[in-house]
Amino acid sequence: MICQRCLEIAALPIHGEYTYAVVKEGASDQSVPKGYDALEVGEEPLDLLTLVEDELLLALPIVPVHEDCQPPAGLDEPEPSEDEVSRSNPFSVLAQLKRDPNV
């Protein structure tokens, strides 16, 4: 994975514990012990590779970052130019109309 702060390769640990109860398709959820996730199995065999792949993808962080890293140098936000600072709010005219009761 790529760290989203420093843009270097990040090796992050993935940890997850999963407990499944394999039940027949259409079985009631009452037959599943407390703390277990029901894994319904029909006529087709259970695809363990897909199950593990899905759980790994869900365990990945949304935004991977190192614990202690800084963004690369030179990527600081630029200071606003004079044009950006001097621009007025286009809605300020509406505020003036709201204050003037004769309009």
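Keep in mind that what you see is a predicted model, and the values were worked out from it rather than measured.

### As for the overall build of the protein chain
Helices and strands together make up the secondary structure of the protein chain, namely three helices and two strands. Along the protein chain, helices (α) and strands (β) appear in the sequence β-β-α-α-α when read from the amino end. Classification of the 103 residues of the protein chain by burial places 12% in the buried group. For the protein chain, long-range pairs separated by at least 24 residues make up 50% of all intrachain contacts whose partners lie at least 6 apart in sequence. When the accessible surface of the protein chain is summed, it comes to about 9600 Å², and 54% of that surface belongs to carbon and sulfur atoms.

### Section: unusual backbone geometry
Positive phi outside glycine occurs at L7, with the angle close to 65°. When you line up the elements, L7 lands in the segment before β1 (20-24).

### Brief notes about the side chain of E55
Within the secondary structure layout, E55 lies in helix α1 (residues 48-59). Discounting residues that sit within four places of it in the chain, E55 has contacts with Y18 and Y20.

### Some thoughts on a nonpolar patch on the surface
A contiguous nonpolar patch, built from M1, I14, V52, L56, L57 and L60 and spanning about 500 Å² of accessible area, is present on the exposed surface. Inspection of the secondary structure assignment puts L60 in the loop between α1 and α2 (82-86). Taking relative accessible area as the criterion, L60 reaches 34% and is therefore assigned partly exposed.

### What about the pairing of β1?
Here β1 shows a buried face lined by A21 and V23 and an unburied face lined by Y20, V22 and K24. Pairing of β1 with strand β2 (residues 37-41), which is carried by five bridges, proceeds in the parallel orientation. Following the sheet pairing, Y20 is matched in β2 by D37.

### Considerations on the environment of P64
The topology assignment puts P64 in the loop between α1 and α2. Taking C-alpha positions, P64 is 9.9 Å from L7, a pair spaced 57 residues apart along the chain.

Each value, and the rule that gives it
Residues numbered from 1 in each chain as written. Predicted model: local features only at pLDDT ≥ 70, side-chain atom pairs only at ≥ 80, totals over all residues. Heavy atoms only, no water. Helix = DSSP H or I, 4+ residues; strand = E, 2+ residues; numbered from the N terminus. Buried < 20%, exposed > 50% of the residue type's maximum accessible area, 1.4 Å probe, protein only. Contact = heavy atoms within 4.5 Å. Areas by Shrake-Rupley, 256 points an atom, 1.4 Å probe, with all protein chains shown as cover. Patch = residues over 30% accessible without salt bridge, like charges linked within 9 Å, V, L, I, M, F, W, Y side chains within 5 Å. Salt bridge = Lys/Arg side-chain N within 4 Å of Asp/Glu carboxyl O. Pairing = 2+ DSSP bridges.

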